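One-letter residues, chain by chain:
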Amino acid sequence: MGRKLLLEKAHVEGIRYYDVYRREGGYRSVEKALKSMTPDEVTEEVKKSGLRGRGGAGFPTGMKWSFLAKPEGVPRYLVVNADESEPGTFKDRYLMEFIPHILIEGIITSSYALGANSAYIYIRGEYAWIPDILEQAIAEAKNNGWLGKNILGTGYNLEVYVQRGGGAYICGEETALIESLEGKRGNPRIKPPFPAVKGLWDCPTVVNNVETIAAVVPIINNGGDDYAKIGVGRSTGTKLMSACGNINKPGVYEIDMNISVEEFIFSDEYCGGIANGKRLKACIPGGSSVPILPANLLLKTAKGEQRMMHYEGLSDGGFATGSMMGSGGFIVLDEDQCIVKHTYTLARFYRHESCGQCSPCREGTGWMEKILWRLENGQGKLSDIDLLVDIQSKIEGNTICPLGDAAAWPVAAAIRHFRDEFEWHVNNPKECLQRNYGLAHYADPIHVPTPA
Amino acid sequence: MSDQLLKVTIDNITVEVPNGTTILQAARKIGGDVTPPAMCFYTPLKGSGGKCRTCLVEVSKGSEKDPRPMPKLVASCRTTVMDGMEIKSITSQRVLDARAGVVEFLLLNHPLDCPICDQAGECHLQDLSYEHGKNGTRYEFQRRTFKKRDLGQYIQLHMTRCILCYRCVFTADQVSNKRVHGVLDRGDHAEIATYIEQNLNNDFIGNVIDVCPVGALTDKTFRFKNRVWFTKPMTAHRDCDKCCGEVTLWMRGDEVFRVTARKDEWGEIKTSEKTGNTGWICNDCRFDKKKASDWTIEGLAPIDRHSVIGQGKYKGLKKPEETIEKVLDGRKPRLLMNIHSVSEVNNPEIELSEINGPATSAVFKKNNHE
Ligand SMILES: Cc1cc2nc3c(=O)[nH]c(=O)nc-3n(C[C@H](O)[C@H](O)[C@H](O)COP(=O)(O)O)c2cc1C
Ligand code: SF4
Ligand code: SF4
Ligand code: FES
């Protein structure tokens, strides 16, 4: 059994409510931080913990906090990114729905470290029932003296507000989120300036994912060093994975980052193997934006080693033979799934969600979707495959925000690893409407050259 | 320190510019081919730029202090220069590829209806595709079209032609006193529109026509009246209590076909001589003062960027002159032979309309005829 830090108390009856949460040791980190630590000491502890952003990019959180500009007389803000809209990702929802107080606790401790007197939770519009849960938790915390003026008699003030999003994936991008929070159209801003200097209402702002903020609680309770002991190398602590697709036990799992991908998929503690006795074909390990991997490269790296479930493990081999940890949305595909159709579905998503500001993303996503539709429906040409590769290369890196890259990578990775399947669709236009390509050689052991 | 000049090198040409200058502005100072095309940035509009991605350049050296290159191409219109920065524009294959890509993207769904578009001849998308595009497209799908929306008595919106540069949105925010139009929806279905059908009739709203780089917003009072290259741009002014009254009249003979603000070589509205601010003009001047007698005409407007309105067409016209005398040190050329008298085809008696078939030399042979 791995160690649980966030979900340890998830199954305690009534943990959603303040009394139970407090009885189980909740809000200790606030007491500790506000009464016995300076804000900089809290930041220092977070730095020591090695915690990396859980929203997708994996940027070291302590470092992000220390970049926050602190001009005299200008308010600072903490914004919690609860927009969770990446296909395959649903870990933040679980936390907010079942243990809302861990988020509120993390917000208080983090805001104290940042010197913020207002914090916002920007929550995905479609999570329509969760704002009530959060607002109840905020009210409970306030009634018990954890929020409002002069918290615990320390002179520190904090208010937390919940804002529902307008229902767009792009509003999860931190600067689009800030625009939306200000009541504007959710277009990503052109950076620089970064939010750490000019964020919400043009004031210094830190935007962090729900899970990142929640992880601050065990870090302050047990110390940064203790947190850093879990996991491997620069992947410290535990990570929430939302596992879905053709597995026996879809759900949210907390892993210490030192287990293998194989263990995660096949052990009974986690996904419990592939559903219906089928075989594993492919997997997107970190949410829809990260590269898809065929079974063989998923379980073993190109060097023939076990692939591990942590930042470095999943990205081993770079884009050529690896993928990314991303947001932890673990999507598993069995042998009956069609990669072309799957890639088309993702392309359709990104076309629909592009904000439309930059020409490469606005026009390129629509173009890729149309070509993929044609390939999926047996109307494609062989040249379409290279055309797709070219289009995605013209989008990648040339846009304002990473949504352009997120739209480009899945297409590039699918063609990189599953080109035969795309070609099969072109060469068998009738058959591809009747059946799928199947597992083919995608689970075969890869040839690993042995050094002389 | 702040008024010290910074050295930047673009495509191996070094210029010195004040702190806060963008790469694009530094490149414009050099001018010519190294200057990246800019479809969305517009100097007088705060916050504009960064969207179209035509102006991407490669920063091969960040600065004297931190010489590391920037990993991604950057939007030159929104990136300020550092001392010692080195930039590659047309000397970078990556930039040329990305630029060609952006042009292809911008034209992907464009209707290419230039023959019936009022903007043709002064359209920046035409210039862009001519200068940086490839011939032909690889797009094989139906192009996107939009439902027509009415923007009132002055302004025609052809959303299908729009490149979503957002300039008109910034203009309405910053120049008119109320914005009633904006971008609705997102992605490739995003469109410029008013929320509920509304008229754009704010005093200064006509300026959106001038900032629109394409024919998405055109002047209804000029619609289909003339091709811009047949009209003659004249600099003129009038005393106006609403705006600077400094305009360009687009005339044919004594008739005023169109009134626009004065633009510089980059297509941006110039600073007013009178006020020292951007020379935005009001709707009265633009749409209602259509008689030459409304204006004090100063003279021909210099136009030098756009191909068809063309440099030298109206100003600085260079007539070809005889050079033979100059070459021969003042001697007159000597007639060696009069081609008319020896030509076999110089035969006025032959009625061309009566020839059966094509007129070949055989037809003109004298004896043949006799
Ligand atoms: C298109 C797009 C969507 C995103 N959606 C989310 C999201 O739903 N939740 C999230 O936490 N981060 C999202 N991000 C990442 C954020 O921009 C940002 O990196 C993150 O909130 C930082 O928090 P962290 O450092 O705690 O990870 C998204 C990024 C992009 C480009
Ligand atoms: S990359 Fe796409 S989503 Fe991001 S700013 Fe550009 S158009 Fe919008
Ligand atoms: S209508 Fe013209 S100015 Fe407005 S966004 Fe479209 S192209 Fe730009
Ligand atoms: S002019 Fe720079 S991005 Fe459009």
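As the structure is a prediction and not an experimental result, all values here were calculated from the model. (Residues numbered from 1 in each chain as written. Chains lettered and ligands numbered in written order. Predicted model: local features only at pLDDT ≥ 70, side-chain atom pairs only at ≥ 80, totals over all residues. Heavy atoms only, no water.)

Residue and element names in this part refer to chain A. Between helix α15 (residues 339-353) and helix α16 (residues 359-376), whose axes approach to 8 Å, the crossing angle comes to 155°. Here α16 runs roughly antiparallel to α15, going by the angle between their axes. At the point where α15 passes α16, the crossing takes the left-handed sense. Counted together, Val340, Lys341, Thr343, Tyr344, Ala347, Arg348, Tyr350 and Arg351 of α15 and Thr365, Gly366, Glu369, Leu372, Trp373, Leu375 and Glu376 of α16 form the full contact between these two elements. Classifying every residue of the contact of α15 with α16 gives seven nonpolar, three polar and five charged. (Axes fitted to C-alpha atoms, helices over the stretch in contact; angles between N-to-C directions. Helix = DSSP H or I, 4+ residues; strand = E, 2+ residues; numbered from the N terminus. Parallel < 35°, antiparallel > 145°, perpendicular 65-115°, else oblique. Left-handed = near helix turned anticlockwise from the far one by under 90°. Contact = heavy atoms within 4.5 Å. Nonpolar A, V, L, I, M, F, W, Y, C, P; charged D, E, K, R; others polar.)

The next point concerns the site of ligand 1. Residues and elements named next belong to chain A. Lining the immediate environment of ligand 1, one finds 18 residues, of which Gly55, Asn81, Asn208, Asn209 and Thr212 sit closest. A distance of 2.7 Å separates an oxygen atom of ligand 1 from a polar atom in the backbone of Gly55. Contacts to ligand 1 include Thr212, whose side-chain N or O atom sits 2.7 Å from an oxygen atom. Here ligand 1, which alone exposes 610 Å², has 89% of that area covered by the protein. (Near = heavy atom within 4 Å. Polar contact = N/O pair within 3.5 Å; in protein donor to acceptor, adjacent residues only side chain to side chain. Areas by Shrake-Rupley, 256 points an atom, 1.4 Å probe, with all protein chains shown as cover.)

One frequent convention defines the size of an interface as the accessible area lost when the parts assemble. All names here are of chain B. When cut into domains, chain B gives domain 1 (5-106), domain 2 (139-223) and domain 3 (225-370). Of note, the centres of domain 2 and domain 3, computed from C-alpha atoms alone, are 32 Å apart. Contacts between the two partners involve 18 residues from domain 2 and, on the opposite side, 19 residues from domain 3. Summed over both partners, the interface of domain 2 with domain 3 comes to about 1600 Å²; 53% of that surface belongs to carbon and sulfur atoms. Applying the counting criterion to the domain 2 and domain 3 interface returns three salt bridges. Between Asp203 and Lys242 there is a salt bridge; the shortest N-O distance is 3.7 Å. Linking domain 2 to domain 3 there are 13 residue pairs in polar contact (both at pLDDT 80 or more). With four residues, the top contributor of residues to the side of domain 2 that touches domain 3 is helix α5 (residues 207-211). (Domains from an automatic or database assignment. Buried area = accessible area lost by both parts, 1.4 Å probe. Salt bridge = Lys/Arg side-chain N within 4 Å of Asp/Glu carboxyl O.)

Once that is clear, we can look at the site of ligand 3. Every residue lining ligand 3 is accounted for by Cys162(B), Ile163(B), Leu164(B), Cys165(B), Tyr166(B), Cys168(B), Ile192(B), Cys212(B), Pro213(B), Val214(B), Ala216(B) and Leu217(B). Across the shell around ligand 3, the residue classes tally to twelve nonpolar, no polar and no charged.

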